[in-house]
Every structure is written in C-alpha cells, then in structure tokens.
Amino acid sequence: MWDRLLQIFDYWGYFFQSTDLHGIHSPFVYQLAEFSFFNKEEKRIQFIEIQRTEMLKSSGRIENYPISKFANHYTLDSKYAFAIHRITHFLDIRRYHEYGLCTGIETNYMLHRQLAILKKQISYTYHFKENPVKKHTNEAWYKSEVNSNLHELDSPPSPWEMHLIHQHEKADKIWGDVEGILNSRHNHTLLIITNIHETDDHTLNWKRLQNDDRTGVSIDLFKMGIIFFRNEQPKEHFTLRY
C-alpha cells in the first residue's frame, strides 16, 4: 500500500513537471513526439492485446512471478507499447536488442510493423536466458512472420539500433547491460528502459543515466525512459505528458 501511494505521489510530481508538444523546442524531439506519442491513432494493436488478456487470466508462472501479476504490474500498458511501435516506424529501426524478463507483449509491438506489415528483414537478439512464457505466447507469431525474415544482417539498411531493457523491482539487475550499451554506443543507438519510476532506486538510476556524460537527449514518459546519443544534438532532458 505504501509503495502504491509513493508511486501516486511520484506520478503527480511527473505530471506537473511535464509538458506537451508546445513545450518542445528541439525539431528532432518535436517530430518524434508528434509522430510517436501525440498521434491520433488508437494506441493498441488488437491481436497483441488478446495475448495480454490471456496472460491476465493465466494461472502459470514466469520465473518467480505468477504470469497474471507480471503481465499486470510489469508489462507496459498498451499506449506505451504502442509508442515503441511508432518509434520503430519513425526511425525505420532494423536492428533490435532486448534485455530482461518479459512476456513478449512489448516485443510484438516493437517488431510488428517491420515483420508483419512491411515484411522487412531485421536483426533481433534477446539477451536473456530462454524465456518459456515468451516462447510459448509468441510461437504462432514467430512461425508465421519471423523465421523467413529474422536473422543477423551484414549491412542493415537503417543505421538505427534499439536496445529495450525490461526493468522490474530489482533495479541493480540491469545496470551491467546498461553499462555495456553506453560503452558500445554509436550516433544511432536508442535506449529504452521500462518502469523507470517503479521504486526510488529506479528513479535514482534513471537520474544517474540522464546525467551521465555519455548520454544525450533523454525523454521521461513516466512508465518508460528514452535515451539518444546523437552527436549533432546538445544534451537535454524532456519530461513529456503522456
């Protein structure tokens, strides 16, 4: 109960600090936000949300969590997952890395456009031990869309590379991966971290990442944080009301 109250206070603090499109003075961030966050599309993909509904009814387990609790508490809401979907469209991302325990909901949103709609070749790497829930829930989707198109690209047609990190209650678990990404970053690296305000430790680590000299533009959407490393753009932080 106390943790829930703290999250509510954190959200209202975020809300009053946040801005909409009119408060964005960076052309790149404005275009990204207008396309990915403030578009008028319905912010969900129906067949993926059916998967979420099935998970919420499940009595199974993922690692030490009941699947229903994990899907409800740690998996991104549809509008945030849809924002990731739109970002991949805006930047035409073809190279993906994913870290941490997840249900596959965000994965499907992330890869859906390039694989299922445009039938493009991409590179996707899951940096975690085998996740049986993810493998099971996405089995049909993988068979129909991924097998023919998913492989390591010798020369990706788009320079953008996305790293999606799933963060849960133990905030220190992901920071080895984050450090590796920071040390191997390039101008078109994109880092997205979920649940950045889940606990005080999560918030402190997000602030630390914002202030790191190796990061550039950062965007706080409350449920997830986005980091760019573009050399041509000054370091700046945006808190967007989403």
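The following paragraphs examine the structure supplied in this document. (Residues numbered from 1 in each chain as written. Predicted model: local features only at pLDDT ≥ 70, side-chain atom pairs only at ≥ 80, totals over all residues. Heavy atoms only, no water.)

Inspection of helix 3 (residues 46-56) places Ile48, Glu49, Gln51, Arg52 and Met55 among the buried residues, and these make up the whole buried set. Down the axis of helix 3, the buried side of the element spans an arc of 145 degrees, and every buried residue falls inside it. (Buried < 20%, exposed > 50% of the residue type's maximum accessible area, 1.4 Å probe, protein only. Helix = DSSP H or I, 4+ residues; strand = E, 2+ residues; numbered from the N terminus. Arc of directions from axis to C-beta.)

So, about the pattern of salt bridges. Across all of its chains, the model carries 7 salt bridges by this definition. Across the salt bridge formed by glutamate 41 and arginine 86, the nearest N and O atoms sit 2.3 Å from each other. You can see glutamate 41 sitting in the loop between helix 2 (27-36) and helix 3 and its partner arginine 86 sitting in helix 5 (residues 78-91), a full 45 residues away along the chain. Overall, glutamate 41 belongs to the partly exposed group, its relative accessible area being 41%. When salt bridges that share partners are traced, they join Glu179, Asp212 and Arg214 into one network. (Salt bridge = Lys/Arg side-chain N within 4 Å of Asp/Glu carboxyl O.)

Within a regular strand, the side chains alternate between the two sheet faces. The buried fraction of strand 3 (residues 95-99) amounts to 5 of the 5 residues, a majority that puts the element mostly inside the structure. Covered by surrounding structure in strand 3 are Arg95, His97 and Tyr99 together with Tyr96 and Glu98, the residues of both alternating faces. Judged from the 5 bridges that link them, strand 3 and strand 4 (residues 123-127) form a sheet pairing that is parallel. Considered in strand 4, the bridge of glutamate 98 is made with tyrosine 126. Pairing of strand 3 with strand 5 (residues 161-165), which is carried by 5 bridges, proceeds in the parallel orientation. (Pairing = 2+ DSSP bridges.)

It is worth spelling out the environment of aspartate 212 at this point. When you line up the elements, aspartate 212 lands in the loop between helix 10 (200-211) and strand 7 (218-220). On the basis of relative accessible area, aspartate 212 is assigned to the buried category, the value being 18%. As a C-alpha pair, aspartate 212 and leucine 182 span 30 residues in sequence and 9.4 Å in three-dimensional space. Those residues within four positions of aspartate 212 in sequence are excluded, and the remaining contacts are Leu182 and Lys235. In terms of polar contacts, aspartate 212 uses its side chain to reach the backbone amide nitrogen of arginine 214, at 2.8 Å. (Contact = heavy atoms within 4.5 Å. Polar contact = N/O pair within 3.5 Å; in protein donor to acceptor, adjacent residues only side chain to side chain.)

This part is about the packing of helix 2 against helix 5. Put simply, helix 2 and helix 5 touch, their axes get as near as 9 Å, and they point 125 degrees apart. For the element pair helix 2 / helix 5, the angle class is oblique. As for how helix 2 packs across helix 5, the hand of that crossing is right-handed. Side by side, helix 2 and helix 5 meet where Phe28, Gln31, Leu32, Phe35 and Ser36 of the first sit next to Ala83, Arg86, Ile87, His89, Phe90 and Leu91 of the second. (Axes fitted to C-alpha atoms, helices over the stretch in contact; angles between N-to-C directions. Parallel < 35°, antiparallel > 145°, perpendicular 65-115°, else oblique. Left-handed = near helix turned anticlockwise from the far one by under 90°.)

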